[in-house]
Each structure stands twice: as structure tokens, then as C-alpha cells.
Amino acid sequence: QFFVFCHGLLQLSQLLVSGYLKSSISTIERRYGLSSQTSGLLASFNEVGNTLLIVFISYFGSRVHRPRFIGTGAILVSLAGFLMSLPHFITGPYEYDQSVASTFSNTTDLCQPGLPGSWANLSDVTCTPRATRENHEVLLVMFIAQALLGIGGVPIQPFGISYIDDFASERNSPLYLGILFSVTVIGPGVAFMLGSAMLRFYVDIDKVSGDEVQLAHEDPRWVGAWWLGFLVAASLVALAAVPYFFFPREMPKEVGEVLQVDLLALHMHTSCFPLVLLRNLRHPVYLLVVLAQVNISAMVAGLATFMAKFLERQFSLTASLANMIIGAVNIPGAMVGIVVGGAILKRFQMSLRQCSAMCVLGMFLCLLVAVPLLFLGCPTQKVAGVTYRDSSEFGHHELECNLHCNCPEKAYNPICGSNSIEYISPCSAGCRAVTIHENNNSVLNYTNCSCISQKGLPGFAKPGTCGTGCSHLFLPFVVLSCLAGILASTSHTPSFMLILRSIQPEDKSFAVGIQFMLLRVLAWMPGPVLYGSAIDTTCILWEKRCDRKAACRYYDNTRFRQR
């Protein structure tokens with residue numbers, strides 16, 4: 001029972017490391033200028049290390065000192081977690097365009113006519129060879145960390161399950177495995193809650209004092225302390241790893257009937273390996289159910305990675321709040337669905353045909369509920385020169401009102417004009433003056449803006465984006481997406497039953513192993529990359545860093561939602 005407790009703790013902390021990345025993905029994109037395709041590849045890269053090794057590990061399952069192997073894997077996972085946070089410590093402080101000169105920079109992004117040179121330093125200073133090299137280093141470190149995370153995670157689940165199953169009594173084994181399974185489902189929810197907590201802190205909380213931070217949480221330039229969660233999670237894994245080095249190679253079996261079942265061990269005797277593989281893949285039920293699982297898993301993998309980013313963009317939420325919703329509503333919803341599905345299965349002792357009918361029904365209802373999600377959202381807010389061109393009132397007014405300001409192309413400090421049009425920076429709105437809150441140096445508003453005219457007089461603007469004006473649709477969206485998740489996950493257990501009961505008993509563990517291999521290769525690896533690429537195609541304005549495309553500033557929200 002102590003082993004089960006330790007293993008539950010270890011699996012939870014391991015899932016914290018891998019799940020936390022998904023919760024902070026939009027923040028890491030913004031901090032290091034990554035496209036969603038790159039971040040999607042990063043998010044699924046741990047599956048690469050995992051897949052390469054899982055076959056060997058399962059094969060050697062019964063011949064090694066399993067607890068020590070698990071402990072070693074956990075140490076690797078912990079190392080990977082610390083590595084993930086390393087980029088924060090090897091790069092300088094986060095830089096963003098400011099309207100108020102501060103200790104970082106004496107440039108400001110207001111409209112300053114007659115100072116053609118004032119801008120040069122802002123745009124060129126970031127393009128040293130060092131900055132370019134730094135960026136490659138950051139990506140390299142993160143990809144290595146993800147690969148390590150995958151490799152370290154390999155022995156944890158199969159060895160833990162087979163160890164428990166070997167030495168637990170027959171009566172208790174399902175209970176123990178049930179406990180572990182519920183932990184693996186809760187884990188990602190806890191990871192998103194951790195993300196929600198950490199992203200409330202400013203990224204450079206360790207490098208600058210609080211009063212120097214001029215950004216509010218709602219500011220589109222805000223970057224939260226993404227690295228902090230990795231330190232927390234990695235420390236937890238390291239703690240959880242310690243007991244494994246003291247467990248014996250074999251335990252006296254709990255009192256009960258002896259039955260050796262090696263759960264995920266793929267018994268591969270070289271001679272019959274191809275035969276068993278062919279026999280299973282020729283089986284139509286097995287093949288179709290696995291393909292169905294591949295499809296839904298690819299969707300779940302893509303959504304888990306980018307759902308928070310989607311909520312941030314569609315409903316103008318902070319990263320912290322988006323993670324909170326996913327961790328507290330969507331993931332528990334999926335858990336409820338899995339439990340309900342299992343309960344119905346047990347209560348009505350379903351036949352295979354009824355199992356498949358239940359899967360179809362769950363998916364069909366899920367689709368019905370999900371159709372309205374296509375329409376719950378708003379178009380992108382009007383952004384001058386990006387999504388909106390004001391030619392009606394003044395002819396070419398838009399282009400000329402800020403010509404004398406000599407604005408840099410790169411400036412990004414969105415403000416919302418009194419005409420509810422958003423401008424990329426105070427300079428592009430032609431604002432010449434700024435009012436500052438005297439206590440904490442934060443900007444109250446911008447005045448004397450030549451592009452924002454009201455009744456012929458220059459208008460004013462507030463800092464921050466105008467937002468999408470979609471807050472009233474947020475609640476219906478969350479309710480419907482949660483409901484769709486519940487309905488879809490009711491088919492989780494029946495689909496597993498279809499697989500386990502449709503194949504010959506002696507192929508069971510092999511078939512489950514092949515199923516997980518196919519899920520990894522066809523769903524969990526490509527899923528986030530495909531979603532990321534689709535999201536990238538909806539970008540309207542890319543940030544430029546040293547002539548390379550960095551993160552996306554503005555998406556076409558309607559396209560983002562539909563794709």
C-alpha cells in the first residue's frame with residue numbers, strides 16, 4: 001500500500017511537469033517569439049523519447065529491479081523539469097516597448113516629431129548576433145528537456161503497474177490500479193491550476209523589483225512566471241523519486257490468489273511477433289476501434305495544448321484565468337464522463353454490440369452539442385492598419401496622421417482609442433502625451449492623439465487592447481464545451497472493453513501495447529503540431545524579431561475559431 005501511495009504521488013508530479021508546459025504554452029510563445037507550430041512540436045516532443053523506448057522497456061519488464069528503474073526514470077523527469085526552466089536564467093530580462101522611460105530604456109513609444117533618429121535604437125538594439133544565438137539556445141534546451149522528460153517517463157507507468165499487479169492480492173489489484181488511473185486523470189487538471197497560480201506573477205520577479213513592472217495582468221504584453229511552475233513540479237518529482245531506491249526487487253505477495261499477469265508487458269518472442277501483429281491488425285473490430293481512438297486522441301492532444309490560448313484570444317481572458325477554467329471545469333468534466341461511462345457499463349453488463357452502440361451514441365451527442373461552438377465568438381477587434389482601414393472619413397487620413405511621428409515598425413504596446421479602435425502603439429495613433437499614475441508609474445491614458453479624432457479635435461486612448469467584446473458568450477461556451485467533453489469521454493471505457501474482448505486472450509497485453517504505440521505515433525505526436533499549424537494560418541500580424549517571424553500578435557478570431 002505504501003508503494004501504491006508513492007506511485008500515485010510520483011505519477012501526479014510527473015504529470016505536473018508534462019501538463020504544466022501546456023498551461024504556459026501561450027506565455028512561452030510570447031516570451032521567446034515562437035509560432036504555434038513550433039510550440040506544438042515542443043509540446044509533443046516528449047512523446048518522441050517515450051515511443052522510442054517503450055517497446056524495449058516493456059519487453060525487459062520482469063527481468064530488472066523495477067523500483068530502481070522507476071526511481072532512475074523519475075530522476076530524469078525531475079532533471080528535465082529543471083532544464084525546462086533554465087532558459088529563464090540564461091536569457092536577459094524580458095523587454096517590451098514602453099511609454100515611460102525607465103531604468104531599462106530611455107526610449108519611449110510616443111509620437112515624437114522631428115526626432116527621426118530616436119527610433120533607431122529601439123528596433124536595432126535587439127538584433128545582435130548574441131540575441132539570435134540566445135534564441136537558438138533556448139529552443140535547443142527546451143527540446144532536449146522535453147526528450148528527456150519522455151525518456152524518463154518510460155519506466156514509470158508500465159513498471160509500476162506490473163509491480164503492483166504482481167504483488168497485490170487479486171482482490172485489491174483493481175482497486176489499486178483504479179486509484180492510479182484516477183490520479184493520471186486528475187494530474188493534468190492540477191497542472192493547469194498550478195499554471196493559473198504561477199502566471200499571476202511577473203516573469204522577471206527575481207530580476208526586477210515590483211515597482212519597476214509597468215504591466216498589468218490584462219496587458220497583451222504581460223508575461224507570467226512560466227518557469228516557476230517547472231521548479232515546483234521538478235522538486236516534487238525529485239522528492240517522490242527517493243523512496244523507490246529503497247523498495248525491494250520483489251515483495252511478498254499480499255494474501256490472496258496467485259495469478260501472474262504482466263499488464264503492459266509486450267511479450268515479443270521474435271518468431272511470433274509478426275504473426276501476432278498481423279493477426280491483431282487484421283481483426284476489423286480492433287483496427288476500427290483503435291482508429292477511432294486515434295482520431296479522438298489527436299483532437300484531445302491538440303485541444304489540451306491550445307485550448308487556453310484559444311480562450312485567451314476569443315474572450316480576451318488572462319492566461320491565468322484561461323488555465324483556471326480548463327483545470328477546474330473542462331478536465332473534471334472529462335473525468336466525470338469517464339466514470340459515468342464505466343458505471344453504465346458495469347451496471348448493465350453490456351455486450352460488445354451494446355458497447356459499440358454506446359460509443360456511437362456518446363460521440364453523436366457530443367457532435368450535436370459541439371456544433372454551436374463554431375458560432376460562439378466574435379470577430380477580431382478593429383485594429384488600425386491591421387484589421388481595419390479608415391478610408392471613409394478622411395480619405396487617406398489613417399496613413400498620414402502619424403507620418404510625422406517616425407514610428408518604428410516593431411513597436412507593440414496596444415492602446416484602445418476613445419473611438420474604440422485599437423492601435424498597435426501610442427505612436428501609431430499619433431499620441432504625443434501620456435498621463436502617469438504617480439504612485440506606481442502605471443499609465444492612465446494617452447492624450448493629444450492625432451489619429452483619433454472626435455469632432456475634429458485630437459482624441460485620447462487607454463492602455464491595453466480594446467478586447468473582443470465577447471464576454472457575454474464566454475459562459476455558454478464553457479458550459480457547452482464542458483458538456484461535449486463529458487459526452488465524448490463516456491465512450492472511453494466501452495471502447496477499451498471492445499479492444500480487450502475482441503482479441504484472443506493470449507494477445508491481450510500485446511494488443512494494448514500496440515494500441516498505445518499507434519496512439520502515440522498517430523495522435524499524441526502529430527496532434528499538437530497540426531493544431532499549431534492550423535492556428536498559424538489564421539494569423540494576421542506577426543511579430544518580427546531580427547527578420548524572422550516570431551509570435552503572432554493578432555489572429556483572425558473567426559478563422560481561428562472555425563479551424
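Preceding block: the structure.
Let me begin by describing the structure that accompanies this report.

Calculation rules
- Residues numbered from 1 in each chain as written.
- Predicted model: local features only at pLDDT ≥ 70, side-chain atom pairs only at ≥ 80, totals over all residues.
- Heavy atoms only, no water.
- Pairing = 2+ DSSP bridges.
- Helix = DSSP H or I, 4+ residues; strand = E, 2+ residues; numbered from the N terminus.
- Disulfide = S-S within 2.5 Å.
- Expected span 1.5 Å × (residues − 1).
- Bend = angle between axes of the 7 residues up to and from the residue.
- Salt bridge = Lys/Arg side-chain N within 4 Å of Asp/Glu carboxyl O.
- Buried < 20%, exposed > 50% of the residue type's maximum accessible area, 1.4 Å probe, protein only.
- Patch = residues over 30% accessible without salt bridge, like charges linked within 9 Å, V, L, I, M, F, W, Y side chains within 5 Å.
- Areas by Shrake-Rupley, 256 points an atom, 1.4 Å probe, with all protein chains shown as cover.
- Contact = heavy atoms within 4.5 Å.
- Axes fitted to C-alpha atoms, helices over the stretch in contact; angles between N-to-C directions.
- Parallel < 35°, antiparallel > 145°, perpendicular 65-115°, else oblique.
- Left-handed = near helix turned anticlockwise from the far one by under 90°.
- Nonpolar A, V, L, I, M, F, W, Y, C, P; charged D, E, K, R; others polar.

### Considerations on the pairing of strand β5 (residues 457-463)
Then, number 1: For strand β1 (residues 415-417) and β5, the ladder comprises 3 bridges, and the chain directions are antiparallel. Following the sheet pairing, G417 is matched in β5 by A461.
Then, number 2: Connecting the antiparallel pair strand β4 (residues 443-454) and β5 is a turn made up of 2 residues, with K455 showing a positive phi of about 50°.

### Considering the state of the cysteines
Then, number 1: The tally for this structure, following the rule as stated, stands at 5 disulfides.
Then, number 2: Between C416 and C466 runs a disulfide, and the two sulfur atoms are separated by 2.0 Å. The chirality of the disulfide connecting C416 with C466 is right-handed, given an S-S dihedral of about 105°. Remark: C466 occurs in the loop between β5 and α16 (471-489) and C416 occurs in strand β1; sequence separation between them is 50 residues.

### Concerning helix α12 (residues 284-315)
An α-helix turns once per 3.6 residues; consequently, residues spaced three or four apart project the same way.
Then, number 1: End to end, α12 covers 44 Å across 32 residues, agreeing with the expected 46 Å (1.5 Å per residue, within 8%).
Then, number 2: F306 marks where α12 bends most, by close to 50°.
Then, number 3: Where α12 ends, the next residue or the one after it, S316, has phi of about 50°, a positive value.

### Considerations on the pattern of salt bridges
Then, number 1: According to the stated counting rule, one finds 7 salt bridges in the structure shown.
Then, number 2: Among the salt bridges present, the one from E47 reaches R520, with a minimum N-O distance of 2.7 Å. Pair noted here: E47 is in helix α4 (residues 46-60) and R520 is in helix α18 (residues 508-524), with a separation of 473 residues, a long-range link.
Then, number 3: With a relative accessible area of 14%, E47 lands in the buried category.
Then, number 4: Residue R520 is classed as buried on the basis of its relative accessible area, which comes to 12%.
Then, number 5: Here D219 makes a salt bridge to R221, at a shortest N to O gap of 2.9 Å. Summarising the burial analysis for this pair, D219 and R221 share the class buried.
Then, number 6: Residues participating in the shared-partner salt-bridge network are E543, R545 and R553.

### Quick notes on the sheet that holds β1
Then, number 1: Read from one edge to the other, the open sheet built from 5 strands follows the order β2-β1-β5-β4-β3, with strand pairing classed as antiparallel. Of all the strands in the sheet, the pair left with one neighbour each is β2 (422-423) and β3 (431-436).

### Let's talk about helix α13 (residues 319-348)
Then, number 1: For α13, spanning 30 residues, the distance from its first C-alpha to its last is 43 Å, which sits close to the expected 44 Å at 1.5 Å a residue.
Then, number 2: Where α13 bends most, the angle comes to about 30°, and this point is I326.
Then, number 3: After α13 finishes, the residue Q349 shows a positive phi value of roughly 45°.

### Topic: a nonpolar patch on the surface
Then, number 1: A cluster of nonpolar side chains, contributed by I75, V242, F245 and F246, occupies part of the molecular surface with about 400 Å² of accessible area.
Then, number 2: Among the secondary structure elements, I75 is positioned in helix α5 (residues 66-90).

### A short note on the environment of L231
Then, number 1: Summarising the element assignment, L231 is placed in helix α10 (residues 226-241).
Then, number 2: Through-space distance from the C-alpha of L231 to that of M84 is 8.7 Å; in sequence the pair is 147 residues apart.
Then, number 3: Apart from residues lying up to four places away in sequence, L231 is in contact with F82, S85 and F89.

### Digging into the packing of helix α1 (residues 2-23) against α5
Then, number 1: One way to put it is that α1 packs onto α5 with a least axis distance of 11 Å and a crossing angle of 30°. By the criterion of interaxial angle, the relationship of α1 to α5 is roughly parallel. Handedness of the crossing formed by α1 with α5: left-handed. Contacts between α1 and α5 pair F3, H7, L10, Q14, V17 and L21 from the former with I70, A74, V77, G81 and M84 from the latter.
Then, number 2: A per-class count over the contact of α1 with α5 returns 8 nonpolar, 3 polar and no charged.

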